[in-house]
Amino acid sequence: MTQTAIYISLVMIIINAIVIIFFHWEIQKNNIPVVFNNLTGNYSPLSVLYLIFIKVIFAFTAGLILKNLFQKIASPEIFFFSLVIFSLSFTSLRSLLLIERFLTYPIHLSETITRAVYFGKFITVLCLFTSGLFSTGISFQKQKSLILLITLISFTLSVIIPIDLFETNTILLKGNGSEYGMNIVIILLQIFAVLNFIAGAVKNNNYDYLFLAAGVGMAAVGNELLFALVPGWISIGGILLLISGTVLFSYKIHQIYQWT
């Protein structure tokens, strides 16, 4: 399953790289001013594209490192956390909305792209929540069944949410009619993911789990900051939190399983 995630993440890198090259080519060929306020606010489209590229490169690199470091350790926590990292690469699809005006593809393709991005976001959050469940002592051997369930729930949610094709509330993302309620659910799931590791610290009498909780919290906050795709200090802070949270989680999970 992790191997599939690697291939998907690599495809997302290629998609983003192609969009960047295409965008540069179209801008220079047609001498078009780099202004897409309705899609990227007042920010440079190129800076947004490179921000996406940084995030996707992180997802692929960090996911690959986690897979290689923990391939001999049967840890459901790190397995699902690795899927969290890989699923961050779905943000690459947002770059396709930037070339919409250059290509004459059907308008409903924008809706499909938006739903695919939310599909990736739901997988990210649900895998993060599931990772924390195992720290509380829950034993579930059929990880493939859990992944299938997470995929099914994510797909269902991404299909039923209303999408407004004529509104852009978030950079490079079509409007979502239930955004407020959906964000509350997403935030609550991430909070519960952190609480699961805190409960794990108490249940296992091992306060290294508190560091796991901190790592998950940092990664979750970092991802939310990056999801806005706002170039500048907000995104820099998001990248630093995402990297720091991933490193902290990996280091502590290695210490925990080293002595078990």
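Residues numbered from 1 in each chain as written. Predicted model: local features only at pLDDT ≥ 70, side-chain atom pairs only at ≥ 80, totals over all residues. Heavy atoms only, no water.

Caption draft 1: Local environment of helix 8 (residues 208–227). The terminal C-alpha atoms of helix 8 lie 29 Å apart, and with 20 residues this matches the ideal 28 Å at 1.5 Å per residue to within 8%. Among the residues trailing helix 8, Leu 229 stands out with phi positive, at a value near 55°. (Helix = DSSP H or I, 4+ residues; strand = E, 2+ residues; numbered from the N terminus. Expected span 1.5 Å × (residues − 1).)

Caption draft 2: Just unusual backbone geometry, in detail. You will see that Leu 172, though not glycine, has its phi angle at about 55°, which is positive. Here Leu 172 shows up in the loop between strand 1 (163–164) and strand 2 (175–176). Backbone geometry at Leu 229 places phi at a positive 55°, although glycine is not the residue there. Along the polypeptide, Leu 229 turns up in the loop between helix 8 and helix 9 (233–258).

Caption draft 3: Highlighting the pattern of salt bridges. Within the structure shown, the criterion is met by three salt bridges. The salt bridge involving Glu 111 is made with Arg 115; its shortest N-O contact spans 2.8 Å. One end of the pair, Glu 111, and the other, Arg 115, are both in helix 5 (residues 108–135), four residues apart, so they sit about a helical turn from each other. Like Glu 111, the residue Arg 115 is buried in the burial classification. Here Glu 224 and Lys 121 are joined by a salt bridge, their closest N and O atoms 2.8 Å apart. Of the two residues, Glu 224 sits in helix 8 while Lys 121 sits in helix 5, which places them 103 residues apart along the sequence. (Salt bridge = Lys/Arg side-chain N within 4 Å of Asp/Glu carboxyl O. Buried < 20%, exposed > 50% of the residue type's maximum accessible area, 1.4 Å probe, protein only.)

Caption draft 4: How the structure looks around the packing of aromatic side chains. Across all of its chains, the model carries eight aromatic pairs by this definition. An aromatic cluster is built from Phe 79, Phe 80 and Phe 134, whose rings are joined through pairwise contacts. Sitting over the ring of Phe 227, Arg 94 keeps its end group 4.6 Å from the ring centre. The positively charged end of Lys 121 is found above the aromatic ring belonging to Phe 227, 4.1 Å away from the centroid. (Phe/Tyr/Trp six-rings, centres within 6.5 Å; stacked < 30°, edge-to-face > 60°. Lys NZ or Arg CZ within 6 Å of the ring centre and 35° of its normal.)

Caption draft 5: View of the confidence of the model for the protein chain. When the pLDDT values of the protein chain are averaged, the result is 86; 89% of them are 70 or greater. The least confident element of the protein chain is helix 2 (residues 37–40), whose mean pLDDT is 69; the most confident is helix 8, at 94. (pLDDT = per-residue confidence, 0-100.)

Caption draft 6: How the structure looks around the environment of Tyr 209. Mapped onto the fold, Tyr 209 is located in helix 8. Through-space distance from the C-alpha of Tyr 209 to that of Gly 132 is 9.8 Å; in sequence the pair is 77 residues apart. Residues within four places of Tyr 209 in sequence aside, it is in contact with Glu 77, Ser 135, Phe 197, Gly 200, Ala 201, Asn 204 and Ile 256. (Contact = heavy atoms within 4.5 Å.)

Caption draft 7: Layout of the nonpolar core. If you look at the biggest cluster of nonpolar residues, it comprises 76 residues, and the most contacted ones within it are Phe 80, Phe 81, Tyr 118, Leu 172, Val 216 and Phe 249. Of all the secondary-structure elements, those providing two or more residues to this core are helix 1 (2–30), helix 3 (45–69), helix 4 (76–87), helix 5, helix 6 (143–160), helix 7 (179–203), helix 8 and helix 9. Discounting residues that sit within four places of it in the chain, Val 216 has contacts with Phe 81, Leu 128, Ala 193, Val 194, Phe 197 and Phe 249. (Core = buried A, V, L, I, M, F, W, Y, C linked by side-chain atoms within 4.5 Å.)

Caption draft 8: View of the environment of Leu 241. Mapped onto the elements, Leu 241 comes out in helix 9. Separated by 25 residues in sequence, Leu 241 and Val 216 place their C-alpha atoms 9.9 Å apart. Setting aside residues up to four positions removed in sequence, Leu 241 forms contacts with Met 218, Ala 219, Val 221, Gly 222 and Leu 225.

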